[in-house]
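What follows is each chain in one-letter form.
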Amino acid sequence: MADVTALTFLALCLPLIGALAAPFVIRVLGAGGAWMLALVPLLAFLHFLRLVPQIAHGEIITGGYDWVPGLGVRFSWFLDGLSLTFALLITGIGTLIVLYAGGYLRGHPDQGRFFSFIFLFMGAMLGVVVSDSFLMFFIFWELTSITSFLLIGFDHEREAARRAALQALVVTGGGGLILLAGLLLLWGMTGVAQLSELMQYGDVVRGSPLYFATLLLVLGGAFTKSAQFPFHFWLPNAMEAPTPVSAYLHSATMVKAGVYLLMRLNPVMGATPAWEVLLPVFGGLTLVTGSVLAIRQTDLKLKLAYTTVSSLGLLVLLTGFGSDYSIKAAVLYLVAHSLFKGALFMVAGIIDHETGTRNITRLRGLRKAMPLTFAIAMAAALSMAGLPPFFGFLAKEEIYTALAAGDPYSILFAAIAVFGNALMFAIAFAVALRPFTGRPVETPKHPHEAPVLLWLGPAVLALAGLLAALFSGFTHGAISSPMASAVAGKATTIISITLAPHVGVPLALSLLTMVLGIAVYWQLDRARTLVAFLLHSVRGPDRGFDHVIAGLVRFAHRVIGIVQPGRLDIYVASTFVSVAAILLVPLILHGELPQALAWPAGLRPHEAGIMLIAVLGLLAVLIARDRLTAIVSLGIQGFAVALIFLLFGAPDLAFTQFMVETLAVVILALVMTRLRLSPTDPRHGARRLFDIALSLACGLGLALLLMRATEAPFDTALSDFFNAHSKLIAHGANVVNVIIVDFRGTDTLGEIAVVAVTGLAILALIRIRGNAERRLATNDPDAEEA
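Draft legend 1. Layout of the overall build of the protein chain. Assigned secondary structure in the protein chain consists of 34 helices and two strands. Computed over C-alpha atoms, the radius of gyration of the protein chain comes to 36 Å, more than 25% over the 28 Å expected from 2.2 N^0.38 for 786 residues, which places it beyond the range of a compact globule. A total of 786 residues make up the protein chain; the buried ones form 47% of that total. Contacts spanning at least 24 positions in sequence make up 78% of the contacts within the protein chain whose residues lie at least 6 apart. Carbon and sulfur atoms form 70% of the exposed surface of the protein chain, whose accessible area is close to 37200 Å². In the protein chain, 49 positive and 45 negative side-chain charges are present, and the distance between their average locations comes to 10 Å.

Rendered as structure tokens:
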């Protein structure tokens with residue numbers, strides 16, 4: 001177990017090591033550095049692959065290290081069928097993406113920076129799916145948003161890339177903050193902060209009065225990350241990123257993080273009416289929205305991006321549908337989608353890289369020039385269309401088996417699934433057939449077959465989709481069934497579907513999907529025109545995002561105009577209003593104002609006389625006609641306080657107070673004599689009354705707080721400590737001096753530094769003023785500016 005823990009920790013750290021090494025490797029080896037960098041995710045993949053037999057036999061692997069033991073916070077991980085499958089997809093497809101990026105960005109001046117970003121992104125996503133502690137999960141969750149921002153905005157000189165990156169960060173980062181609130185509520189309900197322990201508290205969570213609020217918060221985080229309606233708009237815009245990012249983002253990483261979260265929490269929060277209504281409804285809306293918008297696009301990447309939105313909606317629909325078959329279907333479709341969508345995105349990138357365009361209306365007849373790419377595209381498209389003998393066929397058959405019940409609820413979502421799958425069927429062949437068939441047309445670049453770094457990744461993924469279906473028994477035993485068991489929360493969830501189709505309603509739905517898909521593909525141009533016409537006047541959430549950001553900026557300007565108007569008097573007044581509220585409101589709310597107002601008992605005549613001197617000094621300040629007189633009068637109060645210290649047996653403190661007050665008066669007086677400050681008061685009557693009331697409130701609040709505090713029993717623990725240790729540790733007989741110089745020496749040093757900086761600032765002001773006066777006296781033209 002210790003060996004597994006150490007190796008798992010190393011596997012989690014490998015992407016971070018790769019991020020540090022990537023710029024140096026690329027600088028030394030150039031484009032060939034991709035082969036070496038691909039070893040980083042490959043080693044992590046091999047580590048997780050060796051854990052498959054253990055997980056397949058029902059084991060759950062946990063481990064980690066204490067981070068903040070006092071708070072129960074650990075850097076810990078949790079590996080079961082669900083997290084292991086995601087880890088294999090992230091590292092396995094990540095290996096192929098690194099190789100693909102080496103060919104796609106060959107010669108790019110910032111290739112090293114790109115690889116650093118992609119490794120950081122890989123590490124963040126890997127951390128999401130293996131994290132056990134809530135805190136670790138949330139940190140990695142937000143890191144996926146930050147690193148995707150860097151990747152989407154990689155070509156930062158283009159405004160479209162910057163906008164898409166900002167949009168993705170705002171939507172997914174905001175959803176992460178919503179999710180944090182949900183995780184805190186789960187922590188509060190159950191008292192556990194580990195996902196592995198949370199699985200035992202399903203009844204507690206579902207029975208809590210805060211369940212629905214927690215569910216909405218969790219869905220807020222999951223829906224924004226996995227681009228569910230109405231937050232779907234950020235994902236197609238993320239196509240501004242380089243194609244390797246798009247392929248990785250859509251196949252195995254960030255967009256599936258929300259689906260992972262829903263699958264992870266299904267045993268805890270599932271099987272409730274709210275779960276089984278909200279997830280299928282929003283998943284169905286996303287499925288329909290994405291597939292319809294995909295028909296309208298002419299850019300290959302955008303067509304695939306919108307079908308990813310559709311697929312994510314289908315996954316959410318199945319996760320929330322509430323049956324064992326729907327869980328099995330969701331698991332199969334998630335794996336199939338990762339394989340065929342990663343391959344198709346890479347194919348789209350190859351077409352763009354070798355022809356100079358991704359516009360489907362300008363691509364024809366590439367089959368002879370790019371036969372290998374055509375074969376790969378067809379294999380991935382067959383899986384996406386749900387046709388045998390590919391893994392997508394198994395997923396589609398299980399989907400229709402899950403939705404084949406005769407009740408109206410199942411019929412509704414079966415119809416939605418057929419509609420969405422039919423459109424995705426048409427789009428799959430539009431991407432895989434249209435560019436390669438027909439009479440060749442002229443393209444910006446002369447088409448030719450891609451180099452090995454570009455076609456190796458999609459070829460491996462397309463082949464994996466074929467082999468996973470042909471050897472479905474092994475695939476289910478090692479991957480699908482353990483994953484389904486983890487999602488369902490039942491160790492006995494077994495998937496057994498093969499390439500033999502289900503007879504009955506599922507087969508009929510499959511045939512209907514094929515017929516509709518062929519019809520849409522046959523009339524694809526007309527369908528595109530019809531959808532564009534119907535949606536021409538529709539202002540979607542993408543434009544709404546721009547309005548929200550613009551409104552937020554206007555609101556920020558107005559708020560800043562109010563709280564930061566550039567006037568010192570307003571800043572000072574705001575500060576003292578806050579001080580008065582902090583001092584007085586607690587006394588009033590807790591009913592302690594009468595006790596605080598009580599006159600202290602045992603006040604002796606000479607003490608009252610000293611207090612009277614302080615009050616007279618205050619009156620002298622208020623009635624002074626110029627600031628210099630006010631400053632001198634202010635010293636009266638300081639000397640009165642020093643006398644109080646002297647009377648109560650603190651001569652050292654009294655001496656310090658006398659010295660500080662004398663120096664303060666002298667320094668301020670010297671400054672005033674060098675600065676020409678007008679003795680007039682520009683404040684009108686209402687403002688004077690406000691300032692008087694505010695000053696009285698602050699003074700009264702501070703006085704009452706001190707009087708209330710002195711009524712509490714005196715705790716001698718601190719005094720006893722200093723008395724016992726001043727001589728022993730600091731070798732000083734004067735306790736006060738020892739406290740100032742030794743026990744709180746750093747604080748004293750800070751105070752001295754503040755005084756020194758203040759003195760330097762005053763000296764600078766005096767010199768500037770003196771220079772300006774001399775220039776005015778000599779008619780220097782720069783004097784006015786000074």
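Don't stop here, the text continues.
Draft legend 2. Examining the packing of helix α15 (residues 273–296) against helix α16 (residues 300–321) more closely. Running from N to C, α15 and α16 cross one another at 160°; their axes reach a closest spacing of 7 Å. Taken together, the axis directions place α15 and α16 in an arrangement best described as roughly antiparallel. Note that α15 runs across α16; the crossing there is left-handed. Counted by class, the contact of α15 with α16 contains 13 nonpolar, 10 polar and two charged residues.

Draft legend 3. Looking closely at the environment of Arg-206. For Arg-206, the position within the fold is in helix α10 (residues 202–206). Separated by 154 residues in sequence, Arg-206 and Val-52 place their C-alpha atoms 32 Å apart. Apart from residues no more than four positions distant in its own chain, Arg-206 is found in contact with Tyr-211, Pro-267, Val-268, Met-269, Gly-270 and Thr-272. Polar contacts involving the side chain of Arg-206 include one to the side chain of Asp-203, which spans 3.3 Å.

Draft legend 4. Inspection of the layout of surface pockets at higher detail. Taken as a whole, the second largest pocket spans an internal volume of roughly 780 Å³. Together, 24 residues line the second largest pocket, and Phe-45, Leu-49, Leu-88, Leu-339 and Ala-464 are the ones closest to its centre. If you list the elements that add at least two residues to the lining of the second largest pocket, you get α3 (39–49), α5 (81–104), α17 (324–355), α21 (452–470) and α22 (472–488). With seven residues, α5 is the largest single contributor of residues to the lining of the second largest pocket. Of the residues in the lining of the second largest pocket, the class split is 20 nonpolar, four polar and no charged.

Draft legend 5. Here's a closer look at empty space enclosed by the protein. This model, assessed by the stated rule, comprises three cavities of 30 Å³ or more. In this structure, the largest cavity occupies an estimated 70 Å³ of space. Forming the boundary of the largest cavity are Tyr-333, Ser-383, Met-384, Ala-385, Gly-386, Gly-392, Lys-396, Ile-399, Asn-421 and Thr-513. Counting residues per element, the ones that place at least two in the lining of the largest cavity are α18 (371–385) and α19 (391–402). A per-class count over the lining of the largest cavity returns four nonpolar, five polar and one charged. A volume near 40 Å³ is recorded for the second largest cavity. As for the second largest cavity, its lining consists of Leu-339, Phe-340, Ala-343, Ala-379, Ala-380, Ser-383, Phe-390, Leu-461, Ala-462 and Gly-465. Listed by contribution, the elements that provide at least two residues to the lining of the second largest cavity are α17, α18 and α21. When the residues that make up the lining of the second largest cavity are grouped by side-chain class, the tally is eight nonpolar, two polar and no charged.

Draft legend 6. Quick look at the side chain of Asp-352. Mapped onto the elements of the fold, Asp-352 is located in helix α17. Residue Asp-352 is classed as buried on the basis of its relative accessible area of 16%. In this structure the side chain of Asp-352 is engaged in a polar contact, spanning 3.2 Å, whose partner is the side chain of Arg-358. Residues contacting Asp-352, with those up to four places away along its chain left out, are Tyr-104, Thr-357 and Arg-358.

Draft legend 7. Here's a closer look at helix α13 (residues 243–251). Most of α13 is tucked away: nine of the nine residues are buried. In this fold, the buried residues of α13 make contact with α5, α6 (111–130), α7 (134–152), α12 (234–237), α16 and α17.

Draft legend 8. View of the side chain of Gln-297. Counting through the fold element by element, Gln-297 comes out in the loop between α15 and α16. A polar contact of 3.2 Å, which involves the side chain of Gln-297, links it to the backbone oxygen of Leu-293.

Draft legend 9. View of the pattern of salt bridges. Taken as a whole, this structure holds 14 salt bridges when the rule is applied. What you see here is one network of salt bridges that share partners, running through Arg-567, Asp-569, Arg-687 and Asp-691.

Draft legend 10. Spotlight on the packing of aromatic side chains. Evaluation of the coordinates by the stated rule reveals 23 aromatic pairs. With centroids separated by 5.9 Å and ring planes inclined at 45°, the aromatic side chains of Phe-233 and Phe-545 adopt a geometry described as tilted. Pair noted here: Phe-233 is in the loop between α11 (211–225) and α12 and Phe-545 is in helix α25 (residues 541–563), with a separation of 312 residues, a long-range link. Measuring from ring centre to ring centre gives 5.5 Å for Phe-721 and Phe-722, while their planes differ by 65°; the resulting arrangement is edge-to-face.

Draft legend 11. Looking closely at the pairing of strand β2 (residues 73–79). Among the seven residues of β2, five are classified as buried, and the element is accordingly described as predominantly covered. Pairing of strand β1 (residues 61–68) with β2, which is carried by seven bridges, proceeds in the antiparallel orientation. Directly across from Thr-62, in β2, lies its bridge partner Phe-78.

Draft legend 12. Seen up close, the nonpolar core. If you look at the biggest cluster of nonpolar residues, it comprises 200 residues, and the most contacted ones within it are Phe-48, Phe-115, Phe-119 and Trp-234. In terms of residues, this core owes the most to one element, α17, which gives 19 residues. Leave out the neighbours within four places in its chain, and Trp-234 touches Gln-167, Ala-168, Val-171, Thr-172, Thr-224, Lys-225, Ala-227, Leu-249, Met-254 and Val-255.

Draft legend 13. Representation of a nonpolar patch on the surface in the model. Together, Val-28, Leu-29, Met-36, Leu-39, Leu-42, Leu-43, Leu-46 and Leu-49 line one region of the surface with nonpolar side chains, adding up to about 730 Å² of accessible area. At the level of elements, α1 (2–29) and α3 are the ones that each hand at least two residues to the nonpolar patch. Among the elements that line the nonpolar patch, the one with the most residues is α3, at five residues. Residue position: Leu-49 is located in helix α3.

Draft legend 14. Up close: the packing of α5 against α17. Viewed as axis vectors pointing N to C, α5 and α17 meet at an angle of 5°, and their least axial separation amounts to 11 Å. One element, α5, and the other, α17, form an angle in the roughly parallel class. Every residue of α17 that contacts α5 at Thr-85, Phe-86, Leu-89, Ile-93, Leu-96, Ile-97, Tyr-100, Gly-103 and Tyr-104 is listed here: Leu-334, Val-335, Ser-338, Phe-345, Met-346, Gly-349, Ile-350, Asp-352 and His-353. Partitioning the contact of α5 with α17 into residue classes produces 12 nonpolar, five polar and one charged.

Draft legend 15. Inspection of helix α20 (residues 408–432) at higher detail. For α20, spanning 25 residues, the distance from its first C-alpha to its last is 36 Å, which sits close to the expected 36 Å at 1.5 Å a residue. Within α20, 19 of the 25 residues are buried, which leaves the element mostly enclosed by the surrounding structure.

About the thresholds
Residues numbered from 1 in each chain as written. Predicted model: local features only at pLDDT ≥ 70, side-chain atom pairs only at ≥ 80, totals over all residues. Heavy atoms only, no water. Helix = DSSP H or I, 4+ residues; strand = E, 2+ residues; numbered from the N terminus. Rg over C-alpha atoms; globule rule 2.2 N^0.38 Å. Buried < 20%, exposed > 50% of the residue type's maximum accessible area, 1.4 Å probe, protein only. Contact = heavy atoms within 4.5 Å. Areas by Shrake-Rupley, 256 points an atom, 1.4 Å probe, with all protein chains shown as cover. Lys, Arg positive; Asp, Glu negative; His and termini not counted. Charge placed at Lys NZ, Arg CZ, Asp CG, Glu CD. Axes fitted to C-alpha atoms, helices over the stretch in contact; angles between N-to-C directions. Parallel < 35°, antiparallel > 145°, perpendicular 65-115°, else oblique. Left-handed = near helix turned anticlockwise from the far one by under 90°. Nonpolar A, V, L, I, M, F, W, Y, C, P; charged D, E, K, R; others polar. Polar contact = N/O pair within 3.5 Å; in protein donor to acceptor, adjacent residues only side chain to side chain. 1 Å grid on protein atoms, 1.4 Å probe; cavity = no way out; pocket = protein on both sides within 12 Å on 5 of 7 lines; lining within 4 Å. Points joined across faces, edges and corners; volume = space filled by probe spheres on them. Salt bridge = Lys/Arg side-chain N within 4 Å of Asp/Glu carboxyl O. Phe/Tyr/Trp six-rings, centres within 6.5 Å; stacked < 30°, edge-to-face > 60°. Pairing = 2+ DSSP bridges. Core = buried A, V, L, I, M, F, W, Y, C linked by side-chain atoms within 4.5 Å. Patch = residues over 30% accessible without salt bridge, like charges linked within 9 Å, V, L, I, M, F, W, Y side chains within 5 Å. Expected span 1.5 Å × (residues − 1).

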